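# Examining the three-dimensional arrangement
Here are the chains, one letter per residue:
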Amino acid sequence: MTTISLNALRKEYGDQVAIPNLNIDIRDGEFFTLLGPSGCGKTTLLRMIAGFNSIESGTISFDDVVVNDRSPSARNIGMVFQNYALFPQMSAAKNVAFGLQTRSVDKPERAQRVNEALAAVHMDHLKDRLPGALSGGQQQRVALARALVIRPAVLLMDEPLSNLDAKLRVEMRDAIREAQRTSEITTVYVTHDQEEAMAVSDRIAVMNLGVVQQVGSPAEIYRNPANTFVAQFIGKTNLLTRNILIQNGASMIDFGDGVSKDVTSAINAGAKGEVRISVRPEAVRIAEGGLSAEIIDETFLGSHSQVRARLASGETVEFLEFSHRSSGRDRGEKVSLALDFSMLTLFDAETGESIMRGAIT
Ligand code: ATP
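One structure accompanies this document, and this report is about it. (Residues numbered from 1 in each chain as written. Predicted model: local features only at pLDDT ≥ 70, side-chain atom pairs only at ≥ 80, totals over all residues. Heavy atoms only, no water.)

## Re the sheet that holds strand E4 (residues 57-62)
If you walk across this open sheet you meet the 4 strands as E2-E1-E4-E5, and the pairing is antiparallel. In this open sheet, the two strands that pair with only one neighbour each are strand E2 (16-26) and strand E5 (65-66). Here 5 bridges tie strand E1 (residues 4-13) to E4, and the two strands are oriented antiparallel to one another. Residue pairing for E4: arginine 10 is matched across the bridge by serine 57. Contacts between helix H1 (residues 42-50) and the sheet are confined to E1, E2 and E4, with E1 contributing the most and set at about 120 degrees to the helix. (Pairing = 2+ DSSP bridges. Helix = DSSP H or I, 4+ residues; strand = E, 2+ residues; numbered from the N terminus. Contact = heavy atoms within 4.5 Å. Axes fitted to C-alpha atoms, helices over the stretch in contact; angles between N-to-C directions.)

What follows is the structure in structure tokens.
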């Protein structure tokens, strides 16, 4: 069991600063995900934790012991990459046994641990197959068993599912989650796929341009995004622009069409001026007394449809309609859109930072 502490970390590539100053504390046994768009520094950070990248300043500690100067092999880490990196001439079992051999684990224990690790990823029945005779998902299971079998202090995974097709990705992310829960190994996982991050993680660090935007559980990040970047990166959202109007000492938002809402108790004292309002698709439904809108189009997705409508303000709002409740909408159809105010998040329009201190009631 291991905690990981990243303290004032800085990484430069030549004169380009990839990570200016990063602080994260990862808990014992936690499944922690680094999530962000391409080039935000996720892989760079993971390689720093592994010991493959130099560090310009700051410290990385495992259980409060600084490991900056430890070689990768002295850090006791297991790694899983997107290209499975199995030895092609060795069977699944031999691939898994390799790390135990180099650690001089004796033969009977080796055999037992290999069997256990392969069973943990449901690959014991294929242990004599060569990697070439295994599917991508099966190869990734072997790679996971190989990382787990050495009982590392820390498990690091860099986009392990990105070479798999959509269905296998879902299956494998469940397998990874299950293996991590059982082993309780502190895990740092890198992905650019927000849905995958939400499905597997205890906590997520959302990164942009080498800077951590927010750390929290999937639900915290989804419900209370710290800024407009996080609101847009995690899940889908509609961003409306409105003004805070002060009326009789109360902070009001005028949504248009006679719909206004008192947000005084939900926002920081003194917050004023222009705001961006994150409206999740599930916070919108067709109902009387809402904002008037005109249907732009509808995409049928089986269980539900994704509908886009244009408000009188010209803003586009996307929302969902379950198929069993609606038989479809016509382009140009006039509708009234009711908002669930308790699900909205307000951001300062200039800084993009959340101004919320509680939910709108
Ligand atoms: P992706 O999802 O595309 O892998 P990432 O979030 O993992 O992206 P990194 O690979 O960590 O991002 O890259 C972060 C920044 O550092 C990028 O601007 C990238 O161009 C730069 N970078 C990464 N590796 C090097 C290198 N070896 N030399 C110079 N710049 C690099």
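## Comments concerning the packing of aromatic side chains
Following the criterion strictly, the structure yields 4 aromatic pairs and no others. Residues phenylalanine 31 and tyrosine 189 carry aromatic rings whose centres are separated by 5.4 Å and whose planes lie at 50 degrees to one another, so their mutual orientation is tilted. Pair noted here: phenylalanine 31 is in strand E3 (residues 31-35) and tyrosine 189 is in strand E8 (residues 186-191), with a separation of 158 residues, a long-range link. Ring geometry for phenylalanine 229 versus phenylalanine 233: centroids 5.6 Å apart, planes at 10 degrees, classification stacked. (Phe/Tyr/Trp six-rings, centres within 6.5 Å; stacked < 30°, edge-to-face > 60°.)

## Side note on the nonpolar core
Core analysis: the biggest nonpolar cluster contains 36 residues, and Val96, Leu144, Leu155, Met157 and Ile176 have the highest contact counts within it. Counting only elements with at least two residues in this core, the list comes to helix H2 (92-102), helix H3 (107-120), helix H4 (136-149), strand E7 (154-158) and helix H5 (166-183). The greatest single-element share of this core, amounting to 7 residues, is contributed by H4. If sequence neighbours within four positions are ignored, methionine 157 has contacts with Phe31, Leu46, Val80, Leu144, Ile176, Thr187, Val188, Tyr189 and Val190. (Core = buried A, V, L, I, M, F, W, Y, C linked by side-chain atoms within 4.5 Å. Buried < 20%, exposed > 50% of the residue type's maximum accessible area, 1.4 Å probe, protein only.)

## A short note on the layout of surface pockets
Put simply, the largest pocket is a space of about 470 Å³. What lines the largest pocket is a set of 17 residues, among which Ile77, Met79, Arg103, Arg146 and Ile150 lie closest to the centre. Secondary-structure elements contributing two or more residues to the lining of the largest pocket are strand E6 (77-80), H2 and H4. Its residues assigned to classes, the lining of the largest pocket shows 10 nonpolar, 5 polar and 2 charged. (1 Å grid on protein atoms, 1.4 Å probe; cavity = no way out; pocket = protein on both sides within 12 Å on 5 of 7 lines; lining within 4 Å. Points joined across faces, edges and corners; volume = space filled by probe spheres on them. Nonpolar A, V, L, I, M, F, W, Y, C, P; charged D, E, K, R; others polar.)

## Details of the side chain of lysine 42
Here lysine 42 shows up in helix H1. Despite its burial, lysine 42 pairs with no opposite charge; the closest candidate is glutamate 159, at 4.6 Å N-O. At 2.9 Å, the side chain of lysine 42 forms a polar contact with the backbone oxygen of glycine 36. Not counting chain neighbours up to four residues away, the residues in contact with lysine 42 comprise Leu34, Leu35, Gly36, Pro37, Glu159, Val190, Thr191, His192 and Met207. (Lys, Arg positive; Asp, Glu negative; His and termini not counted. Salt bridge = Lys/Arg side-chain N within 4 Å of Asp/Glu carboxyl O. Polar contact = N/O pair within 3.5 Å; in protein donor to acceptor, adjacent residues only side chain to side chain.)

## Remarks on unusual backbone geometry
With a phi close to 45 degrees, glutamate 159 is a non-glycine residue in the positive phi region. Phi is positive for leucine 209, close to 50 degrees, though the residue is something other than glycine. Along the chain, leucine 209 turns up in the loop between strand E9 (203-208) and strand E10 (211-216). Take leucine 209: its relative accessible area is 67%, and that puts it in the exposed class.

## Here we look at the sheet that holds strand E14 (residues 273-279)
Pairing within the open sheet is antiparallel, and its 5 strands lie in the order E13-E12-E11-E14-E19. A single partner strand is all that each edge strand has here, and the edge strands are strand E13 (259-262) and strand E19 (345-348). The mean inter-strand angle of the sheet, taken between neighbouring strand axes irrespective of direction, is 35 degrees. Across 4 bridges, E14 lies against E19 in antiparallel orientation.

## Topic: the pairing of E3
A large share of E3 lies buried, amounting to 5 of its 5 residues. Burial along E3 is two-sided: Phe31, Thr33 and Leu35 facing one way and Phe32 and Leu34 facing the other are all buried. Relative to E8, E3 runs parallel, the two being bridged by 5 bridges. The partner of leucine 35 across the bridge, within E8, is threonine 191. As paired strands, E3 and E9 are joined by 4 bridges and run parallel to one another. Bridge pairing in E9 links leucine 35 to valine 206.

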